[in-house]
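What follows is each chain in one-letter form.
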Amino acid sequence: MLFPIWPDEAASGAQEVDQIVIGLVLMSLFFIIVVAGPILYFGFKYRRSRPANRVISHHNTWAIEITWTLVPLIIAVCFFVVAASVYFRQRHPPADAMEIHVIGKQWMWKIQHPQGKREINELHVPVGVPIKLLMTSQDVIHSFYIPAFRIKQDVLPGRYTSMWFVPQKTGEYHLFCTQYCGEGHARMTGKAIVLSKADYQKWLTSGEQSENPAKAGAELFRQYGCSGCHAGSRVVRAPSLVGLYGSVVPLEGNKTTIADDQYLRDSILLPNSQVVAGYEPVMPSYQGKLSEDALFSLIAYLKSLGPGAEEGGTQPLKYSNDMGAAQLLPSGSKGSAK
Amino acid sequence: MNTDQKADYLAEHTLRSCLLTTDHKRIGLLYLFSILFFFAIAAVAAALIRLQLISPTGGLLTTETYNRLFTLHGVFMVWFFLIPSIPSVLGNFILPLMLGARDLAFPKLNLLSWYLFNAGGLLALWAIVGGGVDTGWTFYAPYSTTYANGQVVTMVAGIFVAGFSSILTGLNFIVTTHQMRAPGLTWFRLPIFVWSLYATSLILVLATPVLAMLLMLVGIERIWGVGIFDPSLGGDPVLFQHLFWFYSHPAVYVMILPGMGVVSELIPCFARKRLFGYPFVAGASVAIAVFGFLVWGHHMFVSSQSPYAGMVFSFLSYMVAIPSAIKVFNWTATLYKGSIALDTPMLYALGFIGLFTAGGLTGLFLAALAVDVHVTHTYFVVAHFHYIMVGGMVLAFMGGLHYWWPKITGRMYPEQLGRLAALVTFIGFNLTFFPQFILGYLGMPRRYALYPPEFQFYHILSTAGASILGVGYALPVFYFLWSLKHGLRAGPNPWCATGLEWQTPSPPPPYNFETTPIVDSGPYNYPQPASPPPTPPPGEAPRMTNTES
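Residues numbered from 1 in each chain as written. Chains lettered and ligands numbered in written order. Predicted model: local features only at pLDDT ≥ 70, side-chain atom pairs only at ≥ 80, totals over all residues. Heavy atoms only, no water.

*Asks:* So what exactly am I meant to see when it comes to the overall build of chain B here?
*Replies:* Scanning chain B from N- to C-terminus turns up 16 helices and zero strands. Computed over its C-alpha atoms, the radius of gyration of chain B comes to 23 Å, within 12% of the 24 Å expected for a compact globule of 549 residues. For chain B, with 549 residues in total, the buried portion stands at 65%. A fraction of 82% describes how many contacts in chain B between residues 6 or more apart in sequence connect residues 24 or more apart. Averaged over its 24 positive side-chain charges, chain B has a centre that lies 7 Å from the centre of its 20 negative ones. (Helix = DSSP H or I, 4+ residues; strand = E, 2+ residues; numbered from the N terminus. Rg over C-alpha atoms; globule rule 2.2 N^0.38 Å. Buried < 20%, exposed > 50% of the residue type's maximum accessible area, 1.4 Å probe, protein only. Contact = heavy atoms within 4.5 Å. Lys, Arg positive; Asp, Glu negative; His and termini not counted. Charge placed at Lys NZ, Arg CZ, Asp CG, Glu CD.)

See the structure below:
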């Protein structure tokens, strides 16, 4: 076609957004008729050269004003409620969503699948599976946008943001960076490629492979000496990390927080900002020592330790090489979350 | 310094009388020259942007140049044209006349404002000449503070300085409105233009300091590497956005409220009717100014702001639409049983209502959370705010300029050419920006120098529209200049309009009024056709008494 008039609807939620938009378009047409109609009609009927009855009869200004205040107000509240409820669902991914890591940098998207496969400026996803993108930026703010899915989320440095969707139609769709990020902003584009589940499996095993993030994270965990304190025969008393992810962590000063991705990230980079109750703030910062990639891997490893795992322990950290994800074998007595 | 033997305020022609004047009318003209100069620069940038976008692969400009051009366009249009356009030019000229005052409360401060404005503008220009800035007018951190090349510090310094001009002008208008109204000119006898300038001034005085602080913080982080916004230095980039939009959203209302004020003058005059629902229109101006401070977060629905905050901001954004709707309905109702003349100012005013309505309604799309997630950062936003800022503010500015041109210069512009220009502007505007709504909904991101080929059709329409719009802008330049020598003499009140500004000669004498006028009735007191004895319904503005006009 010479020109498209409506974007593809290729994910859950796209239709909901489009329905709201159609409602808004109809409402707009209604108000344009309500405003432009009288302007044109009065402009013709009461033009100065034309005789017309211009005697104004008495009218109740208050009633008129209240009517045209309340009617738009009610319509506005309706649209607010509908659009906000769809948005609320957009912001809350299901627990079983498949998590894909996205790193934005000037001017490309680096993507890693849970199985380990990496790609650049392309996002392959299986149809019908809830997908959660966990995203961060290595430099400036970017924004991850797939118009056919009707979703967008800014991607920030120093912070994790996420978005989720269920692809519903196989095909290739545009992927854009929509937060201005410098000279190459207009080239920071790519494709979202929705495959059938079988094709996705085939794609995962084709081409260059790399280690899955949890496993890579387990290696980093030892390599950077984390295990020295958080597992094994500890020299320094540090909280166990088994079952930490998703749990409620008691902090110094009678506060608590939920151990989500952002909390884990902050605890690695800024360990003294949120100290677990009962522990000394002795952990060194890893700011500047770990790449975003390595952080993703470490966090993936920590996630693989729980939930479900019982108590953290003082046993040496072990993981078996034959397993897909690293596994900590817990035992022992005391321990608090973290 | 002005002598009495020469009749009008334009009589003196010495350099000193031009550059050191404290006459609000002359300063209004100085502002007119300044903003037209900056507008011309920003318009050239827009033209180059539109030319580049004819082709999906660009070719005319490098992406780097393109990025610098849209930054230039945004910065100059927002801070050096739109914000000062109606307040500093028309407001400066008309406000004291409407109040029956001799000048603004602080004439020297007014002159200082103009100098600060130009100093800021020249600093910003220097930043352009010295290599340019490619951050966009929004200066989002950490790109602007850490990563961008170019003259960011000079540019923000320019805006910083110009901000003081805004603050001083706002302060001047507020004090003038409180202190210098003619005897009998009570608050509810003020023309709506005064109300809207007052609301605008409140915003300028309260919001601009936040911008100044923000720009200073940008400079501090950029020069000394103090971590404020850049997370790698320990800062928070979302903090930047909160501060920026806390200023810039109210600033959006600075770019529309004065336009609404102008239209509220034009509609009654050319319909020969009192403004329908005067107290509601006046109250709506103030309501918009107040609500305008509470909706900044609707620029940040996808920024990682909490979804609960998003909901509050979305709800408040819907609320701010209501006073705007009230205004539109009241303007429309004013036409009922009027005696309507479609002179040039009226054409601009009616065009304003149509385009502002379209811009406002698409604002409801953007306030709808789930829809905003899709269309924010796209051409949909670009189209929306151009409908408000160009379709609204620029049309109102043109309408006001035509309406008060005879007062400013003492001469009439050629009416037929004026109507033609208004029509051309309206058509060109819609052709330029309507396709951008579709582009945005299709997913075309803003600030892209290159784009996928399926979007080309709409970009070509938009560029074609922009060239027509350019003709609409250029025509008035020529006939206004022509009218200075050859226009018909206007006389004090060519439109038979009410309002104190029409009760003094055109152009007015240096101190505006021979004798201070005394006001004994409300505004827009146009003679109504013979009617049953007027019993004003409750809630309406005081009116009646048939004074002249």
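*Asks:* What is the right way to look at the environment of B:Tyr147 in this model?
*Replies:* With respect to the helices and strands, the residue B:Tyr147 is situated in helix α5 (residues 143-147). Along the primary structure B:Tyr147 and B:Asp230 are separated by 83 residues, whereas in three dimensions their C-alpha atoms are 10.0 Å apart. Ignoring any residue separated from it by four or fewer positions in sequence, one finds B:Tyr147 in contact with A:Gln106, A:Gln138, A:Asp139, A:Val140 and B:Pro142.

*Asks:* I would appreciate a short explanation of the pattern of salt bridges in the present structure.
*Replies:* Pairing of side chains with opposite charge becomes possible as their charged atoms draw close. Tallying each qualifying case throughout the model produces 15 salt bridges over all chains. When the shortest N-O distance is used, the salt bridge between A:Arg187 and A:Glu183 registers 3.1 Å. Residue A:Glu183 is classed as partly exposed on the basis of its relative accessible area, which comes to 25%. In this structure, B:Lys25 engages B:Asp23 in a salt bridge whose closest nitrogen and oxygen atoms are separated by 3.1 Å. In this structure, B:Lys25 and B:Asp23 share a single accessibility class: buried. Salt bridges sharing partners connect three or more residues here, namely A:Glu99, A:Lys132, A:Asp261 and A:Lys303. (Salt bridge = Lys/Arg side-chain N within 4 Å of Asp/Glu carboxyl O.)

*Asks:* Which parts of the structure should I look at to understand unusual backbone geometry?
*Replies:* Glycine aside, residues mostly have negative phi angles, and peptide bonds mostly take the trans form. Cis geometry is found at the peptide bond from B:Ala141 to B:Pro142, where omega equals 0 degrees. Along the chain, B:Pro142 falls in the loop between α4 (107-129) and α5. A cis amide bond links B:Ser506 with the next residue in sequence, B:Pro507, at an omega value of -15 degrees. Locating B:Pro507 in the fold gives a position in the segment after α16 (456-486). One non-glycine residue, A:Asn121, adopts positive backbone phi at about 60 degrees. Its place among the elements puts A:Asn121 in the loop between β3 (118-120) and β4 (122-126). Phi angles above zero are rare outside glycine, and B:Cys496 is one such case at about 50 degrees. For B:Cys496, the location among the structural elements is in the segment after α16. Residue classification places B:Cys496 among the partly exposed residues on the basis of a relative accessible area of 41%.

*Asks:* Help me out: how do you make sense of the interface of chain A and chain B in this one?
*Replies:* Quite often, the size of an interface is put as the accessible area lost when its parts meet. Taken residue by residue, the interface counts 82 residues in chain A and 91 residues in chain B. Buried area between chain A and chain B, both sides added, is near 7600 Å², and the carbon and sulfur share of it is 70%. Our enumeration of links across chain A and chain B arrives at one salt bridge. In this structure, the salt-bridge partner of A:Arg159 is B:Asp236, at a minimum N-O distance of 2.9 Å. At the boundary of chain A with chain B, the tally comes to 27 residue pairs in polar contact (both at pLDDT 80 or more). Elements with a contribution of two residues or more to the side of chain A that touches chain B: α1 (14-45), α2 (61-90), β6 (142-146), β7 (151-155) and β9 (171-177) of chain A. The element that contributes the greatest number of residues to the side of chain A that touches chain B is α2(A), accounting for 18 residues. In terms of residue class, the side of chain A that touches chain B is made up of 49 nonpolar, 20 polar and 13 charged. (Buried area = accessible area lost by both parts, 1.4 Å probe. Polar contact = N/O pair within 3.5 Å; in protein donor to acceptor, adjacent residues only side chain to side chain. Nonpolar A, V, L, I, M, F, W, Y, C, P; charged D, E, K, R; others polar.)

*Asks:* Explain the sheet that holds strand β10 (residues 189-195) of chain A to me, please; I cannot follow it from the model alone.
*Replies:* One key point about sheets: their strands pair by backbone hydrogen bonds, in either a parallel or an antiparallel sense. Residue and element names in this part refer to chain A. Pairing is mixed across the open sheet formed by five strands, whose spatial order is β4-β10-β9-β6-β7. Of all the strands in the sheet, the pair left with one neighbour each is β4 and β7. Each neighbouring strand pair of the sheet contributes to a mean axis angle of 20 degrees, computed without reference to strand direction. When β6 meets β9, the two strands line up antiparallel, connected through two bridges. Bridging from a neighbouring strand, Tyr145 pairs with Phe176 of β9. (Pairing = 2+ DSSP bridges. Axes fitted to C-alpha atoms, helices over the stretch in contact; angles between N-to-C directions.)

*Asks:* Looking at this structure, how should I read the packing of aromatic side chains?
*Replies:* Two aromatic rings, taken as a pair, are described by how far apart their centres are and by the angle between their planes. Inspection of the entire model under this criterion finds 74 aromatic pairs over all chains. An aromatic cluster is built from B:Phe193, B:Phe270, B:Tyr403, B:Trp404, B:Trp405, B:Tyr413, B:Tyr479, B:Phe480, B:Trp495 and B:Trp502, whose rings are joined through pairwise contacts. Directly above the ring of A:Tyr145 sits A:Lys152, whose terminal nitrogen or CZ lies 3.9 Å from the centroid. One Lys or Arg, A:Lys289, reaches over the ring of A:Tyr286 and ends 5.6 Å from the middle of that ring. (Phe/Tyr/Trp six-rings, centres within 6.5 Å; stacked < 30°, edge-to-face > 60°. Lys NZ or Arg CZ within 6 Å of the ring centre and 35° of its normal.)

*Asks:* What exactly am I supposed to notice about the sheet that holds β3(A) here?
*Replies:* Residue and element names in this part refer to chain A. Taken together, five strands build an open sheet; the order of strands is β3-β2-β1-β5-β8 and the sheet is mixed. Strands with a single pairing partner mark the edges of an open sheet, and in this sheet they are β3 and β8 (161-165). When strand polarity is set aside, the average angle formed by the axes of neighbouring strands in this sheet is 25 degrees. Judged from the five bridges that link them, strand β1 (residues 98-105) and strand β2 (residues 108-112) form a sheet pairing that is antiparallel.

*Asks:* What am I meant to see in helix α4 (residues 213-223) of chain A here?
*Replies:* Each full turn of the α-helix corresponds to 3.6 residues, which orients residues three or four apart in the same direction. Residues and elements named next belong to chain A. Regarding α4, the residues found buried are Pro213, Ala214, Ala216, Gly217, Ala218, Leu220 and Phe221. Each element contacted by the buried residues of α4 is listed here: β1, β2, α5 (226-230) and α7 (292-304). Here α4 starts with a cap whose side-chain oxygen sits 2.9 Å from the backbone nitrogen of Ala214, and that cap is Asn212. After α4 finishes, the residue Gly225 shows a positive phi value of roughly 80 degrees.

*Asks:* I would appreciate a short explanation of the side chain of B:Ser462 in the present structure.
*Replies:* Residue and element names in this part refer to chain B. With respect to the secondary-structure elements, Ser462 resides in helix α16. Judged by its relative accessible area of 0%, Ser462 falls in the buried class. The residues touching Ser462, leaving out its near neighbours within four places in the chain, are Arg50, Leu431, Thr432, Pro435 and Gln436.

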